[in-house]
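# Inside the fold
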Amino acid sequence: MSDHSTDFQGDVCAAIRDAIGSKLPGASVEVSGGGGHYSIGVTSPEFAGKSMLASQRIVYTAIAHLMGGDRPPVHAVDSLTTKVG
Amino acid sequence: MPLTDRQRAEFDKLVRSHQTLLFMKGNRNFPQCGFSATVIGILNKVTSGYETVNILEDPAVREGMKEFSSWPTFPQLYVKGEFVGGCDIVKAMYASGELQKLFGGAAEPTKPPNVIITPAAAKAFAGAVAEAGGDVLRLEIDAGYDCDLHVGPKAAGDVEVASNGVTLYVERGSASRADGIGIDFVEGPKGAGFKITNPNAPARVKPIEPKELKALLDAGRVELFDVRPESERARASIAAARKLDGEGQRYLLGLKKETPVALHCHHGMRSRAAAEELVREGFTTVYNLEGGIEAWSNEVDPAVPHY
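Residues numbered from 1 in each chain as written. Chains lettered and ligands numbered in written order. Predicted model: local features only at pLDDT ≥ 70, side-chain atom pairs only at ≥ 80, totals over all residues. Heavy atoms only, no water.

## Focus on the packing of helix 8 (residues 210-218) of chain B against helix 12 (residues 292-299) of chain B
A pair of packed helices is captured by two measures, namely the crossing angle of their axes and the spacing between those axes. All names here are of chain B. Closest axis-to-axis distance for the helix 8/helix 12 pair is 9 Å, and the angle between their directions is 85°. Taken as axis vectors, helix 8 and helix 12 run roughly perpendicular relative to one another. Taken together, the residues of helix 12 that come into contact with helix 8 (itself represented by Pro210, Lys211, Leu213, Lys214 and Leu217) are Ala295, Trp296 and Glu299. (Axes fitted to C-alpha atoms, helices over the stretch in contact; angles between N-to-C directions. Helix = DSSP H or I, 4+ residues; strand = E, 2+ residues; numbered from the N terminus. Parallel < 35°, antiparallel > 145°, perpendicular 65-115°, else oblique. Contact = heavy atoms within 4.5 Å.)

Next up, the structure:
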């Protein structure tokens, strides 16, 4: 699909979904993309009353392990949207 | 890896070292990633007094700041020692006027850009918007002048413009880059599609196919140069191409900057790099022969040998 290099084996979209799902149980998570670049949409009641920064930080913290190191499976999050719901 | 207390104190000192500090890829004049370039473009509109840290030059800062900010990506904007956010947040705050307030200014009303949508494009959009269920036609133009024209939800701060009965929502940070833009819908040999002409976009290397180049050469409307060394020219060459030895370079650099010039090599890679340099030199119309002399031999002149 792309020449993005990573040692990660498996479905990156599913890994992102699982990571966010375990941090925010009950959230609805949509992930698309590939080749290191992903778009993520998360809907959760947890975001109620939180700023965009705080909401996005929750999501980023959940997937930080997929974005760190030299050859991470997630190179960039092209778009991240958080909705209360 | 968690930061030690001492590292944390050092990063705390770093983020407080300037009123406004952007951790980014590249620097202010040469951002090396689109997200960093977008934030620089916005910062330039709200303040001139900011400093940047190029995280590509310092792996310890790069890894450490991810941890320190609890934010795994760059750019990261700090104002008065507080983390403001990354690209999305800076864009949203600029659109809502919050960012301007942070820098002590008021959100100035954004001048709606002058946009021309041709009747053909208007017709194509009408169908798309009718099926979109509340979504709107939006245009975003990033700092590299890449246009993103899409149907999607309206965003806060979008600037509304209309042309030929079509309403277009222009992302606020893109408005000045969109002024004078033309959107057309054309049918060509490779299918139908929107064609956007933006007079604000800087000159770029234009790819050209062998047959198109032949037509321009025949009409005397382009100067062609061969960037390959003599050893390769001896094996195969295009008669109309001038070699770029010392004399050729003097001739090229002596041309008026408005003269259309084309470059070729074996497969089109080396000439592309050279063409980009010519654009930086100020040449306004620079073509790169896609596929190089190999493609020329296949499509225009089979008498030119392959090698």
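## A few points about unusual backbone geometry
Residue and element names in this part refer to chain B. Residue Pro75 is bonded to the preceding Phe74 through a cis peptide linkage, with omega at 5°. Among the secondary structure elements, Pro75 is positioned in the loop between helix 3 (59-69) and strand 3 (76-79). At Lys80, a position not held by glycine, the phi torsion is positive, near 50°. Relative to the helices and strands, Lys80 resides in the loop between strand 3 and strand 4 (82-85). The phi angle at Asn164 is positive, at roughly 50°, despite the residue not being glycine. Its location among the elements puts Asn164 in the loop between strand 8 (159-163) and strand 9 (166-170).

## Some details on the side chain of Ser163(B)
All names here are of chain B. As for its position among the elements, Ser163 is in strand 8. The exposure class of Ser163 is buried, given its relative accessible area of 12%. A distance of 2.9 Å separates a polar side-chain atom of Ser163 from the backbone nitrogen of Ile117. Excluding residues that lie within four positions of it along the chain, Ser163 makes contacts with Val115, Ile116 and Ile117. (Buried < 20%, exposed > 50% of the residue type's maximum accessible area, 1.4 Å probe, protein only. Polar contact = N/O pair within 3.5 Å; in protein donor to acceptor, adjacent residues only side chain to side chain.)

## Here we look at the packing of aromatic side chains
Per the counting criterion, the structure on display carries nine aromatic pairs over all chains. Relative to Phe194(B), the ring of Phe125(B) lies with its centre 4.5 Å away and its plane at 10°, an arrangement referred to as stacked. One end of the pair, Phe125(B), is in helix 6 (residues 119-130); the other, Phe194(B), is in strand 11 (residues 191-197), with 69 residues separating them in the sequence. Residue Phe194(B) is classed as partly exposed on the basis of its relative accessible area, which comes to 38%. An aromatic cluster is defined as three or more aromatic residues linked by ring pairs; in this entry it consists of Tyr60(A), Phe11(B), Phe23(B), Phe68(B), Trp71(B), Tyr78(B) and Phe83(B). A cation sits over an aromatic face here: Arg28(B) above Tyr50(B), 3.9 Å from the ring centre. A cation sits over an aromatic face here: Arg242(B) above Tyr251(B), 3.6 Å from the ring centre. (Phe/Tyr/Trp six-rings, centres within 6.5 Å; stacked < 30°, edge-to-face > 60°. Lys NZ or Arg CZ within 6 Å of the ring centre and 35° of its normal.)

## Considerations on the sheet that holds strand 7 (residues 147-152) of chain B
All names here are of chain B. Strand order in the open sheet formed by four strands is 7-6-9-8, and the pairing between neighbours is mixed. Every interior strand has two partners, whereas the edge strands, strand 7 and strand 8, have only one. Across the sheet, the axes of successive neighbouring strands diverge by a mean angle of 30°, strand direction being ignored. The pairing of strand 6 (residues 136-141) with strand 7 spans six bridges and is antiparallel. By the bridge assignment, Ile141 is partnered in strand 7 with Cys147. (Pairing = 2+ DSSP bridges.)

## Side note on the pattern of salt bridges
Residue and element names in this part refer to chain B. Counted according to the given criterion, the structure contains 15 salt bridges over all chains. In this structure, Glu140 engages Arg138 in a salt bridge whose closest nitrogen and oxygen atoms are separated by 3.3 Å. Both residues of the pair, Glu140 and Arg138, belong to the buried class. With its nearest N and O atoms 3.7 Å apart, the salt bridge here joins Arg204 to Asp146. Of the two residues, Arg204 is situated in the loop between strand 11 and strand 12 (205-208) and Asp146 in the loop between strand 6 and strand 7; the sequence distance between them amounts to 58 residues. According to the relative accessible area criterion, Arg204 is partly exposed, its value standing at 39%. (Salt bridge = Lys/Arg side-chain N within 4 Å of Asp/Glu carboxyl O.)

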